[in-house]
Structure formats: C-alpha cells, structure tokens
Amino acid sequence: MQEGMPIFKSKTMQEPGMKKRMWKSLKQIQTTERNLFGNASTAVIYSSINAPPSFKPPKKYSDMSGLLASYSCPQSKIYYHNSEEYKIVKKMPSDISKGYLTLRGATSLV
C-alpha cells in the first residue's frame, strides 16, 4: 500500500462491544407512548408537540408557473412571477382566475 492512503473497513464490520442502533418507525413510537402514558392529557408525547407560529412572512408562489412570486394582480389577486405572466393574467377570464384562486385556497365567500 501507498503511505498516507486511508484504510477502509467493511461496512458490515463493527467495533467490539458496540451495539447496532435500531431505528423505530413513527407508528412504533406512538404505540410505545400510548402504552406508557395512556390517555393522560398532560403528558407531552411525540404526537402532541406543535411548532410555534413562524415570525417570517409566508412565501408567495406564482399561481401559473410555481416560481417565487413578487407581484399580485390588483383585480383578481392572482400571484405572478414576471411581466409575461401578467399579460396572461390580464387576458384571463374571471372563471379561470377564480379556479386558480380555488386551487390556492384563497377564495372568499362574499
């Protein structure tokens, strides 16, 4: 062998006395916690932890192309990425623009 070249081990070989780490699936974790804590509402378990709301504003993506949208149409409220998409949005009939808003989940019943 050349001097300074690293010697690699077989991936199946382990250090003596080292245990192989076993991973649990989410279902196994939830079942274990349910068995340990039961239905105690005060216990903090894996499935009860919620993340706090983000301080960053949500990103807006173009309704047509999916690219990051910097603009929105003042009449139809559709997000668009550039001037070429804006030209398409201006010519779009209202029922199609409402369809885009429905896909995004931004419809308001008035």
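Rules of the game
- Residues numbered from 1 in each chain as written.
- Predicted model: local features only at pLDDT ≥ 70, side-chain atom pairs only at ≥ 80, totals over all residues.
- Heavy atoms only, no water.
- Helix = DSSP H or I, 4+ residues; strand = E, 2+ residues; numbered from the N terminus.
- Contact = heavy atoms within 4.5 Å.
- Areas by Shrake-Rupley, 256 points an atom, 1.4 Å probe, with all protein chains shown as cover.
- Salt bridge = Lys/Arg side-chain N within 4 Å of Asp/Glu carboxyl O.
- Buried < 20%, exposed > 50% of the residue type's maximum accessible area, 1.4 Å probe, protein only.
- Lys, Arg positive; Asp, Glu negative; His and termini not counted.
- Polar contact = N/O pair within 3.5 Å; in protein donor to acceptor, adjacent residues only side chain to side chain.

### Notes on the overall build of the chain
Consideration 1: Regarding its fold elements, the chain presents three helices and two strands.
Consideration 2: Order of helices (α) and strands (β) in the chain, N terminus to C terminus: α-β-β-α-α.
Consideration 3: Taking contacts inside the chain between residues at least 6 apart in sequence as the whole, the part at least 24 apart equals 15%.
Consideration 4: Here the chain has roughly 10,500 Å² of accessible surface; of this, 58% comes from carbon and sulfur atoms.

### A look at the pattern of salt bridges
Between side chains of opposite charge, pairing is possible as soon as their charged atoms come close.
Consideration 1: Summed over the entire model, instances satisfying the criterion amount to one salt bridge.
Consideration 2: The closest approach of N and O atoms between R104 and D63, which form a salt bridge, is 3.0 Å. Placement of R104 in helix α3 (residues 94-104) and of D63 in the loop between α1 (26-37) and β1 (71-72) is noted, with a sequence separation of 41 residues between them.
Consideration 3: Judged by relative accessible area, R104 falls into the partly exposed class, the value being 30%.
Consideration 4: Residue classification places D63 among the buried residues on the basis of a relative accessible area of 17%.

### A look at the environment of C73
Consideration 1: Tracing the sequence through the fold places C73 in the loop between β1 and β2 (79-80).
Consideration 2: Sequence separation between C73 and Y86 is 13 residues; the distance between their C-alpha atoms is 7.5 Å.
Consideration 3: Aside from chain neighbours lying at most four places away, what touches C73 is I78, Y80, Y86 and V89.

### A closer look at the side chain of E85
Consideration 1: Structurally, the position occupied by E85 is in helix α2 (residues 83-91).
Consideration 2: Salt bridges are absent for the buried E85, whose nearest opposite-charge side chain, R104, sits at 11 Å.
Consideration 3: At 2.9 Å, the side chain of E85 and the backbone nitrogen of H81 are in polar contact.
Consideration 4: Beyond its immediate stretch of four places on either side in the chain, E85 contacts S62, M64, S65 and Y80.

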